[in-house]
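# Report on the structure
Each chain, letter by letter, is given below.
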Amino acid sequence: QAKKHGKDKFEMFEPAMRVAFQATIDMESDLRRAVVRHEFELRYQPIVRLSSGEITGVEALIRWLHPERGIVPPVEFIPLAEETGLIVPIGEWVLREATRQVAEWNTRRAGRPLTVSVNISAVQLEHTVLPDVVRSALDAAGLPADRLTLELTESLLVDHRPETLQRLHDIKALGVRLAIDDFGTGYSSLAYLRQFPVDIIKIDKSFVDDVVDEPTAAALTHGIIQLGRALQLSTIAEGIEHAGQLTSLAGGNCELGQGYYFAEPLTESAFDDLLFPAHSPNECE
Ligand code: C2E
Ligand code: MG
Ligand code: MG
Ligand code: MG
């Protein structure tokens, strides 16, 4: 009886497992095809100086334009891209495309060049000669190294291999800046500030969300900003959605911010319109 029960259970689970497995296989072959056919696009979210509202930079955020599923956000395919190693060619494309695009915008913004931030996953740092890839992308784009920031998540730093630290120093030696993304969500954030050669702290959206209504979130946020100042790091607040959050952050001397309050991640042409608004008839007089 027990054996039969066990067998029934097995038969019950097997088809479901097969379906899940098949879905992963399909998605993986879809993703391989996407790499070959260049089904990716970048969105650009402005990074703003909080004291003046001036746009000083832009974060490049990937989207997959799937022929049947439409626009697929990164949370739905970056993990699979990391597992399969496809993040290596995808990440290289992101670096090349983002640096090329921002270098082009900068030629039209003489004297006020933007910086571009690109998200880097741990797998890219482990499995590629990332410093060479970065150097090559900068050269091809004609973008000065100090205009590029690589954003690293805390989880990347938690599980780092011995060679990771050396590779980060090699990237820094190019003149590229490093940012810790989603700062404050890891369990050992402060240790990374000692260990890794970072230039920028990105305060996680979860702190910014509650900065107006929750005294604890406000104290932590303002503490992170002061810590950044003491260490001579820039601070960028993520996920600013309301004027009240801006007031609190700017009042606490947070240098930079991004979020829907300023702009969502924009297509290349929408960002172009934001940077170079068409002249109204009045302006031409
Ligand atoms: P992230 O680097 O922390 O990027 C910020 C995310 O917050 C973006 O989501 C952005 O669209 C969203 N966001 C910005 N402002 C607001 C706001 O005011 N409210 C809300 N609710 N959300 C806001 P997105 O574009 O879906 O990207 C999610 C994550 O995917 C990124 O988090 C990053 O970790 C990863 N990612 C995106 N592009 C790439 C890439 O090219 N390579 C790699 N390895 N990861 C990427
Ligand atoms: Mg594009
Ligand atoms: Mg980021
Ligand atoms: Mg973030």
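Here's what I pulled together on the structure shown here. Only a predicted model underlies this, so the values are computations on that prediction, with no experimental measurement involved.

Moving on to the side chain of D272. With respect to the secondary-structure elements, D272 resides in helix α12 (residues 268-275). Accessibility expressed as a relative area gives 18% for D272, which makes it buried.

With that out of the way, let us pick up the pairing of strand β8 (residues 234-237). Pairing analysis gives four bridges linking strand β7 (residues 200-203) to β8, with the strands arranged parallel. Within β8, the position partnered with I203 by the bridge is A237. With two bridges connecting them, β8 and strand β9 (residues 256-257) associate as parallel partners. In the sheet register, A237 faces β9, and the bridge partner there is G257. Between β8 and its parallel partner β9, the chain crosses via helix α11 (residues 243-251), and the hand of that crossover is right-handed.

With that settled, consider the coordination of the magnesium ion (ligand 3). For a metal with four tetrahedral donors the ideal donor-metal-donor angle is 109.5 degrees, whereas six octahedral donors ideally subtend 90 or 180 degrees. The magnesium ion (ligand 3) binds to the protein through E59 (OE), N119 (OD1), E151 (OE) and D181 (OD), with metal-donor distances spanning 2.0 to 2.2 Å. The sequence pattern formed by the donor residues of the magnesium ion (ligand 3) is E-x59-N-x31-E-x29-D. A distance of 4.3 Å spans the gap from the magnesium ion (ligand 3) to the magnesium ion (ligand 4), which D181 bridges by coordinating each metal. Taken as a pair, E151 in strand β5 (residues 148-153) and D181 in strand β6 (residues 177-183) lie far apart in primary sequence, 30 residues in all. Exposure remark for E151: the relative accessible area of 1% places this residue in the buried category. Judged by relative accessible area, D181 falls into the buried class, the value being 6%.

A few words now on the site of ligand 1. The local shell around ligand 1 holds 22 residues, among which R63, N119, D181, E241 and Y260 are the closest. Interatomic distance of 3.0 Å between a side-chain N/O atom of E59 and an oxygen atom of ligand 1. Separating an oxygen atom of ligand 1 from a side-chain N or O atom of D182 is a distance of 3.2 Å. The set of elements that each furnish at least two residues to the shell around ligand 1 consists of β2 (55-66), α3 (87-107) and β6. The leading source of residues in the shell around ligand 1 is β2, at four residues. Taken together, the residues of the shell around ligand 1 sort by class into nine nonpolar, five polar and eight charged.

Counting buried positions along strand β1 (residues 40-49) gives eight out of 10 residues, so the element sits mostly inside the fold. Note that β1 and β2 share nine bridges and pair antiparallel. Counted as the bridge partner of Y44 is A60 from β2. Hairpin connection between β1 and β2: a loop of five residues separates the two successive antiparallel strands, and G53 in this loop has a positive phi of roughly 85 degrees. Summarising the sheet, β1 and β9 pair through two bridges and their orientation is antiparallel. Opposite R49, over in β9, you have L256 as the bridge partner.

Moving on: the nonpolar core. A general trend in soluble globular proteins is that nonpolar side chains are found buried together. Counting residues in each nonpolar core, the largest one holds 72 residues, and the members touching the most others are L31, F77, L95, V118, L148, L150 and F271. No other element matches α3, which puts eight residues into this core. In this view, F271 contacts Y44, Q45, P46, I55, V58, W105, L114 and L266; residues no more than four positions away in its chain are not counted. By size, the runner-up hydrophobic cluster in this structure holds five residues, among which are A179, I200, I236 and L256.

Conventions used here
Residues numbered from 1 in each chain as written. Chains lettered and ligands numbered in written order. Predicted model: local features only at pLDDT ≥ 70, side-chain atom pairs only at ≥ 80, totals over all residues. Heavy atoms only, no water. Helix = DSSP H or I, 4+ residues; strand = E, 2+ residues; numbered from the N terminus. Buried < 20%, exposed > 50% of the residue type's maximum accessible area, 1.4 Å probe, protein only. Pairing = 2+ DSSP bridges. Right-handed = clockwise from strand over helix to strand, strands pointing away. Donors = N, O, S within 2.8 Å, 3.2 Å for Na, K, Ca; no water. Near = heavy atom within 4 Å. Polar contact = N/O pair within 3.5 Å; in protein donor to acceptor, adjacent residues only side chain to side chain. Nonpolar A, V, L, I, M, F, W, Y, C, P; charged D, E, K, R; others polar. Core = buried A, V, L, I, M, F, W, Y, C linked by side-chain atoms within 4.5 Å. Contact = heavy atoms within 4.5 Å.

Spatial relationships are all this shows, so hold off on functional conclusions.
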